[in-house]
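Descriptive analysis of the structure
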Amino acid sequence: MKLKHDRFTLSLRLATWMALPMMFFFVGCGETPEAPAASSNTETAMDEEGMMPARRQKAFKKIFHAVPSPIETALLLERSGIRFDAGALHSLDNASGYATTDLQSVNLGIYAGDLSYSVIFNQNQQSVDYLNTCRRLCDGLGVGDIISADLIDRANNNRDIRDSLVDIVTETFYALNGRFRENGMEEVSGLMAAGGWIEGVYLGTRNLNSSTDDLKLRIAEQKMTLENLMGLLRSYTPTAALTDMMTSLRPVEAAFAGVTITENAAAATAAEDGTVVISGGPEVNYDEATLTAISESIAAVRNQYAK
Amino acid sequence: MTAIKKFPLAVLALVMMFTVADATAQCRTFTKKRCLPQLEDYVQNDNYNTAVLIPGDEAELELTFFGDRAYRLLVCGHPVLGDLSFQVLDSRGNGIYDSADKESDHFDFRVANTQQMTIRVQVPQTDAVIQHEGCVSIMVGSKG
């Protein structure tokens, strides 16, 4: 009987040990496996082309969660007629004061938002300065090699070419997201995404009184991206930092509750030039008081982290 | 359990963890080499929506697309997985686009009004005795 019990215990422990790395893999950056599958084991490494014999047999559904990148948000702000406001950017001097991983992660996102905003508005020297600041925070997070001295030199040499800087920023943050996933640092990835989203909305709401109607609509539409962000944060294994972030965003969610979105069917049609246009979809309504509430709540959470 | 028994289990777990991490790293290389160039002049979204999938798997991505902006949606998978199919659904779950019979791994479109859409990807089943897994990446680029 004791032998049976020992075997059972051994099997259970074996399964637990084997399940650990699979959990690490499946509960990755912004992904939720709907039905994680049992796995058969193999030590064969994936080849350079990205394939290998399957390590599991049972199919499952993987859910990705994503938010618009800071560059996308900055482009959106620019097209909506916003004017560059250097005074709204987070101080570069504060970067050295963030000692914890949580604060470094959120502020990396915030600085990524400022970097993107500077790049899109052709603030060349400022762009390089913000990239350098991101590098400092990446050093603290153990991924300093992603923003190498060579990359900074490349940015410096291309500082007058916006498209090149856009490429550098998007490639860099894509690589960072990939590395965080490889290293099992999904919390860092989520907090960085939150920081980037917060900064984008913060910058977009600094001068609401002089904003165009288009910009106001774009701000109201961020209710949808906030849903994406909350889905992303909820998809990770809960940690104190992620829970704190979701709690901090509750007043922002409450402010966005004033935006009403009426769902309508969307349809794809071909335009004269052959481009497929997706029309229809949701109708977004808001009032000035709601925008003011969004502006105030986003400033509060932004300043809570960027102090 | 004795230390001797624990040791091989720990080693096995570590080997698997490194194998899994290596697979993830290889997917990043695969995506960079094989997928990213296909976005051409579209600015990539920096989200990392890449996973190792096997035949029969599905993947889903929900994302907000902004009005009056052009997008390229690219579903890029290792050829060993066969022809991946994908659909685009609106926020009510109605189908907008289906890649079936289009013989293209990407969908170029413009969105008139900002909306949330879902991209659903299927890896085809196979009768092969030895199944393979491969990297699949859902990439979104935008311009204009």
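Residues numbered from 1 in each chain as written. Chains lettered and ligands numbered in written order. Predicted model: local features only at pLDDT ≥ 70, side-chain atom pairs only at ≥ 80, totals over all residues.

What about the overall build of chain A?
Applicable threshold: For helices the rule is a DSSP run of H or I covering at least 4 residues; for strands it is a run of E covering at least 2, with both sets numbered from the N terminus onward. Each residue is classified by how many other C-beta atoms fall within 10 Å of its C-beta atom, where C-beta atoms are placed from the backbone; a count of 20 or more means buried, 12 or fewer means exposed, and values in between mean partly exposed. Contact definition: two residues whose C-beta atoms, as placed from backbone geometry, lie within 7 Å.
In terms of helices and strands, chain A carries eleven helices and seven strands. Counting only residues that meet the buried cut, chain A has 47% of its 307 residues in that class. In chain A, the proportion of contacts linking residues at least 24 apart, taken out of those at least 6 apart, comes to 70%.

Let's talk about the packing of helix H5 (residues 149-157) of chain A against helix H6 (residues 162-182) of chain A
Residue and element names in this part refer to chain A. For clarity, the cut-off: Interaxial angle, 0 to 180 degrees, is taken between N-to-C directions of lines fitted to C-alpha atoms, where a helix line uses only the stretch in contact. Oblique is the label for every angle not falling under 35 degrees (roughly parallel), over 145 degrees (roughly antiparallel), or within 65 to 115 degrees (roughly perpendicular). In this scheme the handedness of a crossing depends on how the near helix is turned from the far one: anticlockwise by less than a right angle means left-handed, clockwise means right-handed. Residues are grouped as follows: Ala, Val, Leu, Ile, Met, Phe, Trp, Tyr, Cys and Pro are nonpolar; Asp, Glu, Lys and Arg are charged; all remaining types, including Gly, are polar.
Contact pair H5 / H6: the axes reach a minimum separation of 9 Å and the direction vectors enclose 155°. With respect to H6, the element H5 is oriented roughly antiparallel. H5 and H6 meet at a crossing whose hand is left-handed. Listed contacts from H6 to Leu-151, Arg-154 and Ala-155 of H5 are Leu-165, Ile-168 and Thr-172. A per-class count over the contact of H5 with H6 returns four nonpolar, one polar and one charged.

Here we look at the packing of helix H7 (residues 186-204) of chain A against helix H11 (residues 288-305) of chain A
Residues and elements named next belong to chain A. For the pair H7 and H11, the least separation of the axes is 9 Å and the interaxial angle reads 130°. Between H7 and H11, the angle falls in the class oblique. In this structure, H7 crosses over H11, and the sense of that crossing is left-handed. In this structure, H7 uses Gly-195, Ile-198, Glu-199, Val-201 and Tyr-202 to contact H11, whose residues at the interface are Ile-298, Ala-299, Val-301, Arg-302 and Tyr-305.

Quick notes on the confidence of the model for chain B
We apply this condition: What pLDDT conveys is the predictor's confidence in a given residue, as a value from 0 to 100.
Here chain B shows a mean pLDDT of 86. Residues at 70 or above account for 83%. Note that pLDDT drops below 50 for residues 12-20 of chain B; the model gives that stretch 17 contacts with residues more than four away or on any other chain.

A closer look at the nonpolar core
The line we're drawing: By our criterion, buried Ala, Val, Leu, Ile, Met, Phe, Trp, Tyr and Cys residues that link up through C-beta atoms within 7 Å make up a nonpolar core. Domain segmentation is taken from an automatic or database assignment of domains.
Core analysis: the biggest nonpolar cluster contains 113 residues, and Tyr111(A), Cys134(A), Ala194(A) and Val136(B) have the highest contact counts within it. Composition of this core by domain shows at least three residues from each of domain 1 (2-64) and domain 2 (70-258 + 287-305) of chain A. Contacts of Ala194(A), omitting those with residues within four sequence positions, involve Val106(A), Gly109(A), Leu229(A), Leu233(A) and Met245(A).

Structural notes on the confidence of the model for chain A
Should the pLDDT be low somewhere, the predicted coordinates at that spot are not to be read in detail. Residues and elements named next belong to chain A. Taken residue by residue, chain A gives an average pLDDT of 87. The fraction at 70 or more is 84%. Note on residues 18-31: pLDDT under 50 across the span, and 36 contacts to partners over four residues away in sequence or across chains. Per-residue pLDDT stays below 50 along residues 34-44; that stretch engages in 27 contacts with residues further than four places along the chain or on separate chains.

Regarding the pairing of strand E8 (residues 115-122) of chain B
Residue and element names in this part refer to chain B. Quick note on the threshold: For two strands to be treated as a pair, DSSP must find at least two bridges joining them.
Burial runs high along E8: seven of the eight residues are buried. Pairing analysis gives eight bridges linking strand E3 (residues 58-65) to E8, with the strands arranged antiparallel. For Leu-63, the partnering residue across the bridge sits in E8 and is Met-117. With five bridges joining them, strand E5 (residues 85-89) and E8 adopt antiparallel strand pairing. Within E8, the residue paired with Ser-85 across the bridge is Gln-122.

Concerning the environment of Arg79(A)
Residues and elements named next belong to chain A. Tracing the sequence through the fold places Arg-79 in helix H2 (residues 70-79). Arg-79 sits in the partly exposed class, given 16 other C-beta atoms within 10 Å. Linking Arg-79 and Asp-214, residues 135 residues apart in sequence, is a C-alpha distance of 8.8 Å.

A short note on the environment of Leu242(A)
All names here are of chain A. In this fold, Leu-242 is placed in helix H9 (residues 240-248). Overall, Leu-242 belongs to the buried group, with 21 C-beta atoms counted inside 10 Å. Spatially, the C-alpha atoms of Leu-242 and Leu-191 are 6.9 Å apart, while their sequence positions differ by 51 residues. Residues in contact with Leu-242, not counting those within four places in the same chain, are Glu-187, Gly-190, Leu-233 and Tyr-236.

A few points about helix H4 (residues 124-140) of chain A
Residue and element names in this part refer to chain A. Put simply, the rule reads: Between the first and last residue of a helix there are one fewer steps than residues, each counted as 1.5 Å, and that sum is the expected span.
With 17 residues, H4 should cover 24 Å at 1.5 Å per step; its first-to-last C-alpha distance of 25 Å lies within 8% of that length. For H4, the set of buried residues is Gln-126, Ser-127, Val-128, Tyr-130, Leu-131, Thr-133, Cys-134, Arg-135, Leu-137, Cys-138 and Gly-140. Phi turns positive one or two residues past the end of H4, at Gly-142, with a value near 80°.

Overview of unusual backbone geometry
Backbone geometry at Asn122(A) places phi at a positive 55°, although glycine is not the residue there. Relative to the assigned elements, Asn122(A) resides in the loop between helix H3 (101-120) and H4. Of note in this structure, Glu103(B) is not a glycine but carries a positive phi near 55°. Relative to the helices and strands, Glu103(B) resides in the loop between strand E6 (95-98) and strand E7 (106-111).

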